Amino acid sequence: MNKYISTILSILLVFALPAIAKDKKGELEKLLREAIANKKAQVGIAVIINGEDTITLNNEVRYPMMSVFKFHQALSVIHYLEQNKLPLTTSLYIPQTDLQPDTYSPLRDQYSQGDITIPISELLTYTLQLSDNNACDILFKYTAGLKETDAYIRSLGINDFSITQTEEDMHRDLRSCYLNWTSPLDAAKLLDLFVSRPLFTEPHQTFIKQTMIECETGKDRLAQPLEATDAIIGHKTGTGDLNARWQLIGTNDIGFVFLPDEERYTIAVFAKDSEESPEATAAIIADISRIVYQYIQRD
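Residues numbered from 1 in each chain as written. Predicted model: local features only at pLDDT ≥ 70, side-chain atom pairs only at ≥ 80, totals over all residues. Heavy atoms only, no water.

1. Section: the pairing of strand E8 (residues 232-239)
Among the eight residues of E8, six are classified as buried, and the element is accordingly described as predominantly covered. Sheet analysis places E8 next to strand E9 (residues 248-258), joined by eight bridges and oriented antiparallel. Paired with Gly238 across the strands is Asn252, a residue of E9. (Buried < 20%, exposed > 50% of the residue type's maximum accessible area, 1.4 Å probe, protein only. Helix = DSSP H or I, 4+ residues; strand = E, 2+ residues; numbered from the N terminus. Pairing = 2+ DSSP bridges.)

Have a look at this one:
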């Protein structure tokens, strides 16, 4: 009799577990919805926990990536190097004409005279850590271009995105910013794919990961609530200008987070057409990051 009851309880437990998991995901979703309620921005969120549990909000919207696409580009550049059997130390000659004057570019600020030779590894550091616009377009020009980058990311099974514009294109016409877009989920999926699979040889994989961990931009976004914790975050930000309606085109951050107990998650947060201040929009992303981190730590 006891064995019979034990069997029945085991069966009931198996069927009950998905409902419990669903309730927990529902709780996190509720907290996130409350965090973005009444905000003057279209906010999209995707979280993938341990490669399995997935939560999305407002995922059906196309969000302008801004400099988030430099993560996509970095993967494509490494793929280009490995396909052509070239090391990260491969150098590119950069004439002064490649250093556009009216764009964000620490590279140009350091080498304003141009006519320099610089390794691809350093250019990737400029794009991933400092979000340098000139370095980005130089990599598009001399390594994997827009079409190659778009095609490589699609070869990984990521399809809900588009990359058709360079930084110079977007600078010339702000409407072009909306042509480089993604869903939050496919941004989070690409990150999860990167941290869960060896896409490249170990040194290249580690280079991208470590460079993102040392990211210098957007410290008031995903990284802010994790500063005093044991979590390790690597992330890539994206920040747009004001559109014709005086809205912030895109304020974004995507990242992977490793926790001490070997749990991990990827998170993508996009704020489109925000009428909040830049500081308030960044605070929305930081609040979402805090909610997700505390929720996962609690469980």
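2. As for the confidence of the model for the protein chain
Per-residue confidence for the protein chain gives a mean pLDDT of 93, with 92% of residues at or over 70. Contacts for the low-pLDDT stretch residues 1-20, under 50 throughout, to residues beyond four places or in other chains number zero contacts. (pLDDT = per-residue confidence, 0-100. Contact = heavy atoms within 4.5 Å.)

3. Considerations on the pattern of salt bridges
Pairing is possible between side chains of opposite charge, provided their charged atoms come close. Counted by the stated rule, this structure contains 16 salt bridges. Taking the shortest distance from any N to any O, the salt bridge between Asp98 and Lys141 comes out at 3.0 Å. Of the two residues, Asp98 is situated in the loop between strand E4 (91-94) and helix H3 (106-110) and Lys141 in helix H5 (residues 133-142); the sequence distance between them amounts to 43 residues. By relative accessible area, Lys141 is classed as exposed at 53%. Across the salt bridge formed by Asp186 and Lys189, the nearest N and O atoms sit 3.6 Å from each other. Separated by three residues within a single helix, Asp186 and Lys189 lie in helix H8 (residues 184-196), roughly one turn from each other. Bridged by salt links that share partners, the residues Glu168, Asp169 and Arg172 form one connected network. (Salt bridge = Lys/Arg side-chain N within 4 Å of Asp/Glu carboxyl O.)

4. What about the layout of surface pockets?
Over the atoms, a rolling probe the size of a water molecule traces out where space has been left empty. Size it by volume and the largest pocket reaches roughly 480 Å³. Each residue belonging to the lining of the largest pocket can be placed in one class, and the counts come to seven nonpolar, 12 polar and four charged. (1 Å grid on protein atoms, 1.4 Å probe; cavity = no way out; pocket = protein on both sides within 12 Å on 5 of 7 lines; lining within 4 Å. Points joined across faces, edges and corners; volume = space filled by probe spheres on them. Nonpolar A, V, L, I, M, F, W, Y, C, P; charged D, E, K, R; others polar.)

5. Quick notes on the nonpolar core
Ranked by size, the top nonpolar core spans 57 residues in total, and within it Phe71, Leu75, Leu123, Leu124 and Ile208 carry the most contacts. Ignoring sequence-local partners within four residues, the contact set of Leu75 consists of Tyr152, Ile153, Leu190, Phe194, Phe200 and Ile208. (Core = buried A, V, L, I, M, F, W, Y, C linked by side-chain atoms within 4.5 Å.)

6. Description of the sheet that holds strand E1 (residues 42-49)
The antiparallel open sheet is built from five strands, whose spatial order is E2-E1-E10-E9-E8. Strands with a single pairing partner mark the edges of an open sheet, and in this sheet they are strand E2 (53-57) and E8. Sheet twist, expressed as the mean angle between neighbouring strand axes with direction ignored, is 5°. Sheet topology note: the E9/strand E10 (residues 264-274) ladder contains 10 bridges and is antiparallel. The residue bridging Phe256 from the neighbouring strand is Thr266, located in E10. Helix H9 (residues 202-213) contacts E8 and E9 of the sheet and is inclined by roughly 75° relative to E8. (Axes fitted to C-alpha atoms, helices over the stretch in contact; angles between N-to-C directions.)

7. Topic: the packing of aromatic side chains
Scanning all chains against the criterion turns up six aromatic pairs. Connected via pairs of aromatic rings, a cluster forms that spans Phe71, Phe194, Phe256 and Phe258. The ring centre of Phe161 lies 4.3 Å from the NZ or CZ of Arg154, which sits over that ring. (Phe/Tyr/Trp six-rings, centres within 6.5 Å; stacked < 30°, edge-to-face > 60°. Lys NZ or Arg CZ within 6 Å of the ring centre and 35° of its normal.)

8. Let's talk about H5
By the criterion of burial, H5 is predominantly enclosed, with eight of the 10 residues buried. The set of residues buried in H5 consists of Asn133, Asn134, Ala135, Cys136, Asp137, Ile138, Leu139 and Phe140.

9. What to know about the environment of Ala35
With respect to the secondary-structure elements, Ala35 resides in helix H1 (residues 2-36). When the C-alpha atoms of Ala35 and Asp287 are compared, they prove to be 7.2 Å apart, with 252 residues separating the residues in sequence. Once residues within four sequence positions are removed from consideration, Ala35 is found in contact with Asp287 and Ile291.

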